[in-house]
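# A look at the structure
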Amino acid sequence: MKIEGSYTVQAPRDAVWQRLMDPASLARALPGCEKLEPNADGSYTAQLNVGVAAIRGNYTGRIEILDAVRPEQYRLKISGKGTGGFLNGEGLIMLAETGPGTTEVRYSGDAQVGGLIASVGQRLMQAAARQIVGEFFQALGREVQSQGG
Amino acid sequence: MATALLGERIKRKEDPRLIQGRGHYVDDIVLPGLLHLAFARSPHAHARIKSVDVTAAQAAPGVVAVYTGADLQGKVGMVPCAAGIEGLKVPEHPCLAVDEVRYVGEPVAVVVANSAYTARDAVEQVEVEYDPLPVVVDPEKALAPGAPRVHSKLADNVAFVAKLEGGDWKALEAEPGIKVIRQRLINQRLAPVAMETRGVVASYSPGEDLLTVWSSTQIPHILKTQLALMSGVEENHCRVIAPEVGGGFGSKLNVYGEEGVACYVSKALGRPVKWIESRRENLQATIHGRDQINDVEVYVRPDGKVAGLKCWIIADLGAYHQLLTPAIPTLTALMIVGAYHIPCVFVETKGVFTNKMATDAYRGAGRPEATYIIERVMDLVAAELNLDPVDVRMKNFPSPKDFPLALPTGVTYDSANYQRTLKKVLKAAGYTKLRKEQERLRKKGRYLGIGLSTYVEICAMGPSSRMPAGGWEFGSVRIEPTGKVTVLSGTSPHGQGEETTFAQIVASGFGIPYEDVTVLHGDTGVVPMGIGTFGSRTTAVGGTAIYLAVERLKKKMARIAAHKLGVKPGELEFKDGKVQTAGGEKAMRFLEVVAEAIFAKQLPPGVEPGLVEQCVFEPANFTFPFGAHLAVVEVDPDTGEVRLRNYYAVDDCGRVLNPMLVDGQIHGGLVQGIGQALWEEHVYDENGQLLTGTLMDYAVPRAHQFPWFETATTETPTRVNPLGAKGVGEAGTIGSTPAIVNAVVDALRPLGVRHIDMPLKPEKIWRVLRSASAA
Amino acid sequence: MIPQSFEYHVPRTLEEASRLAAQFGADGKFLAGGHSLIPMMKLRLAAPKHLIDLTCLRDLAYIREEGEHVRIGALTTHFRIESSALLKEKCPLLPETAREIGDVQVRNRGTIGGNLAHSDPAADWPAAVLALEAELRAVSPRGERGMAAKDFFVDLMTTALASDEVLVEIKVPQLGHGTGAAYAKLHHPASGYAMVGVAAVIALRDNGAVERAAVGITGVGPKAYRAFAVETALHGKPATQAHLNAAAAHAAEGVDVNADLYASAEYRSHLARVYTRRALEAAVKRARAAATA
């Protein structure tokens, strides 16, 4: 499944970058994040209760940030499994200053979903993925603003 | 009433209990101490199993045991494959995966618990660590050099290559004026979706060393043999019962790993166990149907006479062989010339492993693919030469006088009159008027399409020489002291209605009310031997066994009655509840003869007491039912939606024993065949994930989507069996699919459309319409 | 198909239902007809720990006329709406929509309130209540409130209802003189849900121009929506075929269009335009008939 889109955050690029790299901010912004722990190799172990409305599942996974070019772009690699099956995703996140104090975050990636969600959630999957990604960026935007950019 | 019973429109004996919810299916079997099974299944299409941790599942309250593939290794036999094909590769197929999983839904562990709910919950606590391996989903990619291998122990993904060749190809290829038409046809993967999912109850009694299995199966006797081999319980200590079975369509003509596991667990724990498949499991892990790629080359003369047909079949077998997996596409090759006299044939069939569930028999099993190929070919020829599809068919039909007709494919068609069914369906549909209407509508920008299919299929399976587990069938008839008749059949009807047909055969033979006849089947403890119900064989083969047993009993009864009445046995007939001389001057009531035979006071010398006879009928050949179908569709030019406006079916299944049952079989068959043409498609993504995992995604056809079907029959009896019946269980499915596709392609012909692959989803057609209007 | 275990609650009053919902928060779910929720639970996509069954609140199943409105209790089944003589006369769009839902069994159990509160992106009712500019009324411990249909659908399966709010009534304004309505739908062949479903209400002036157009579209985006661009394009224009065609072209404007195995986003957008045109055509035809009646 291809996931792509963009989201505009009302904050300077550096501030957005910082939040994206900060485990505590990430943990607060990730929808349904119950735990986010940094590992020795720079990756994170995450526990998420994620979904849309009543459709949710518990997932444990690994989040890796690769090839970071501060403050422009990085690759995000996610793998997790849980009650709804498994998910492996990789994508590119790009930050562009589109105006003073305005940052556009563009994301494009490919997610491979397996197990329950893949076989019974086909109809709703894309819309759900979009909504979850949207929630994340909204929360991230709030995060940046509440921390005073 | 009695003697005219055969051929009458009689309501089904089995329906009152079924439609009132009073039948007993596997899930209705409840035994003291019953435990429940649930399977942990692979979410990966291909992966190495690194570890299976069952500690948490095992510790869950109510869980009795958890077994993994490793626990069962060497203790339960492999899932069997009975197909005999030269050079066939048969990979190991354990009931529970051991080191590797090869399709999504493959069972990895089984949880045994005191309730189905507990078992299901605990499945989620089985922790399996997988190491994903490269996945191969597309069978053509699986054939490419260096493709990931489904079975690393095998050199490649090719399970077998079979060739079939006949006729003088050299001469044909050199023939001047011969035209070659090429087309690729894709026959998509389908799910059988029987209304009742699979289910099994296994109960092992250690004291008697007796294994009793209730299974939703079409083949209780074959299953008994196989489960004996898999479980290690001696076969004469095994009993398999097929209770009420809610449909099979071929998907229960099989031996499944879950059945082997159930037997093992019951034996290991000494307690009865039950497993009822969920619909999700049913879509994932019950065999799938079809899934072939067919590249055809048609050699046709300018007048429309098809002189040669070549076809390269790539059959997607899935990851493992089930009971008949590799045999199914070979039936396609066998029937590829259809109802036409085509002297030169070449078919190469390649069976290919992929990371998907196994394909196997689904209503029609290989013949719908053959019929689709040849019936599309006839329309391609008509389009190419600008001939009417009717004329092309008439030109290529053999004459009724040519039968029995030996074909280059190696089969001999028993009897047919293809011209008659085609003429009858054209008349019913008003073909000439329809073509005129089509012309008129085309001028208004409307797309009406008329599609034909003049199929022939292979039924009444079949002579033992051609069937892996034998093709005979067992029947016995016993008359009780009260005059009631008990029939045992080795077939295992599961919705077809043979309790009624068989009762008709027996009642009309004896001249007694058919209410007096009870048919028992599906219990290996009651019926000594049998093959089962599939391949439209139950009436033609199983019914014949019963018919012949009745004839034997009548002979014996006539001897007894003749002795008593002082006449010759040959002078007696069975009529209206009596055994009597032709005019009825001398007569005994049926019940009187029964009493003579059973109480044995004055039997003629050399006659044994009792009235029980059996017969194992071995057919000399298959039968070849045929028919002509005509579909009328209209395509919505705005959206590409296809509306099926009319459907006409004229089928010839030989002698009709009960027109109502024949109608029912045709209606149900049509729905499934049309479903394939328009809606059904089991879809895996490129990672081997099954995307159509629910009935919200997989489009099973429903009654409201169809117009009334106009059905009729012609009767061309077969000489293969004394009943003259050929079989009708699959005809509707086999005949209808190409009629629909031909109709839609015909509708779009003004746009230069030559072929569209199934299912004919509106978006596909919309894209065709759009590119045509852009051109 | 076996769902995860849950606790089942049967409140006797609305207040109790609302209190239970407040108590359980995200772990609780209201149960009405169950024809959306139960399948999701059986598939284990949803696993609420508490089910609060509203079906005992029988007062919530009614259809009645009150002044300029028709009021429908949230627990009214699709079948009762489909077969209601009152609605056939006063608001025929509702029976027309009900007829297109699922199958007979679903319509006998499923309720309009449950359907709206669940807010499946391809459910039929959202299109109708949007086009009819209905008011959706809900009760919570904080009292009763009404929401305009256009504000009710927030996102994929997400409504404006608070978790302790119970949807109690759908209040539908009766269509005035010279007004027509229609629902046009393409069924998904497996689920029966709308691949696209368009409800249109058109009011015509005496001169044949469009006085008011309201169009609700379901099945196309993550949530049902009002096609304001279509409505604006029609406003004040004569209801000619050319204008209807031009207006319908805006049907999927600005929408993140769904894609699934049966329809790509591109095709679904096209369907939205075609079915919008068809709904508009039918609504105009009926509006003209109503004007001359």
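None of the values given here were measured: they were computed from a predicted structure.

## Remarks on the domain arrangement of chain B
Residues and elements named next belong to chain B.
- Split into domains, chain B comes out as domain 1 (2-21 + 472-617), domain 2 (31-133 + 195-247 + 252-285) and domain 3 (289-461 + 621-774).
- Relative to domain 2, the C-alpha centre of domain 1 lies at a distance of 39 Å.
- Opposite the 19 residues of domain 1 that make contact, domain 2 presents 16 residues.
- In this assembly, domain 1 and domain 2 are joined by two salt bridges.
- Across the salt bridge formed by D523 and R239, the nearest N and O atoms sit 2.7 Å from each other.
- At the boundary of domain 1 with domain 2, the tally comes to seven residue pairs in polar contact (both at pLDDT 80 or more).
- Split by residue class, the side of domain 1 that touches domain 2 holds seven nonpolar, ten polar and two charged.

## A short note on the interface of chain C and chain B
- Tallying the contact residues gives 25 residues for chain C and 31 residues for chain B.
- Interface area, chain C with chain B, both sides summed: about 2300 Å², of which 55% is carbon and sulfur.
- Considering only the surface of chain C that becomes buried against chain B, L261, Y262 and Y267 of chain C emerge as the three largest contributors, covering 26% of it.
- Our count for the chain C to chain B interface comes out at seven salt bridges.
- A salt bridge links E124 of chain B to R44 of chain C; the nearest nitrogen and oxygen atoms lie 3.2 Å apart.
- There are 17 residue pairs in polar contact (both at pLDDT 80 or more) connecting chain C and chain B.
- With eight residues, the single largest contributor to the side of chain C that touches chain B is helix α12 (residues 265-292) of chain C.
- The residue inventory of the side of chain C that touches chain B, partitioned by class, reads 15 nonpolar, six polar and four charged.

## What to know about the packing of aromatic side chains
- Summed over the entire model, instances satisfying the criterion amount to 21 aromatic pairs over all chains.
- Taken together, a centroid distance of 5.6 Å and an interplanar angle of 85° make the contact between Y67 of chain B and Y264 of chain B edge-to-face. In this pair, Y67 of chain B is assigned in strand β3 (residues 63-68) and Y264 of chain B in helix α8 (residues 257-269), connecting sequence segments 197 residues apart. Like Y67 of chain B, the residue Y264 of chain B is buried in the burial classification.
- Ring pairing ties together the aromatic residues Y340, F397, F403, Y418 and F626 of chain B, which thus form one cluster.
- Lying over the aromatic face of Y514 of chain B, K13 of chain B brings its terminal NZ or CZ to 4.8 Å of the ring centre.
- Geometry around Y275 of chain C places R278 of chain C over its ring, the cationic atom sitting 5.2 Å from the centre.

## Looking at the interface of chain C and chain A
- Contact residues are listed per partner, giving 22 residues for chain C and 16 residues for chain A.
- For the chain C and chain A pair, buried surface summed over both sides reaches about 1600 Å², with 62% attributable to carbon and sulfur atoms.
- Note that D120 of chain C is salt-bridged to R123 of chain A, the shortest N-O span being 2.5 Å.
- Where chain C packs against chain A, one counts five residue pairs in polar contact (both at pLDDT 80 or more).

## Quick look at the side chain of E169 of chain C
Residue and element names in this part refer to chain C.
- Relative to the elements of secondary structure, E169 occurs in strand β10 (residues 166-173).
- Among the polar contacts listed, one links the side chain of E169 to the side chain of R71, at a separation of 2.9 Å.
- Every residue in contact with E169, bar those within four places of it in the chain, is listed here: Y62, R71, I72, A74, E135, L136 and R137.

## Re the packing of helix α7 (residues 220-231) of chain B against α8 of chain B
Residue and element names in this part refer to chain B.
- Relative orientation of the contacting elements α7 and α8 amounts to 55°, with a least axis distance of 10 Å. One element, α7, and the other, α8, form an angle in the oblique class. When the axes of α7 and α8 are compared, the crossing they make is right-handed. Of α8, the residues touching α7 (which contributes L223, L227, M230 and S231) are E259, G260, C263 and K267.
- Partitioning the contact of α7 with α8 into residue classes produces four nonpolar, two polar and two charged.

Reading the values: rules and limits
- Residues numbered from 1 in each chain as written.
- Chains lettered and ligands numbered in written order.
- Predicted model: local features only at pLDDT ≥ 70, side-chain atom pairs only at ≥ 80, totals over all residues.
- Heavy atoms only, no water.
- Domains from an automatic or database assignment.
- Contact = heavy atoms within 4.5 Å.
- Salt bridge = Lys/Arg side-chain N within 4 Å of Asp/Glu carboxyl O.
- Polar contact = N/O pair within 3.5 Å; in protein donor to acceptor, adjacent residues only side chain to side chain.
- Nonpolar A, V, L, I, M, F, W, Y, C, P; charged D, E, K, R; others polar.
- Buried area = accessible area lost by both parts, 1.4 Å probe.
- Helix = DSSP H or I, 4+ residues; strand = E, 2+ residues; numbered from the N terminus.
- Phe/Tyr/Trp six-rings, centres within 6.5 Å; stacked < 30°, edge-to-face > 60°.
- Buried < 20%, exposed > 50% of the residue type's maximum accessible area, 1.4 Å probe, protein only.
- Lys NZ or Arg CZ within 6 Å of the ring centre and 35° of its normal.
- Axes fitted to C-alpha atoms, helices over the stretch in contact; angles between N-to-C directions.
- Parallel < 35°, antiparallel > 145°, perpendicular 65-115°, else oblique.
- Left-handed = near helix turned anticlockwise from the far one by under 90°.

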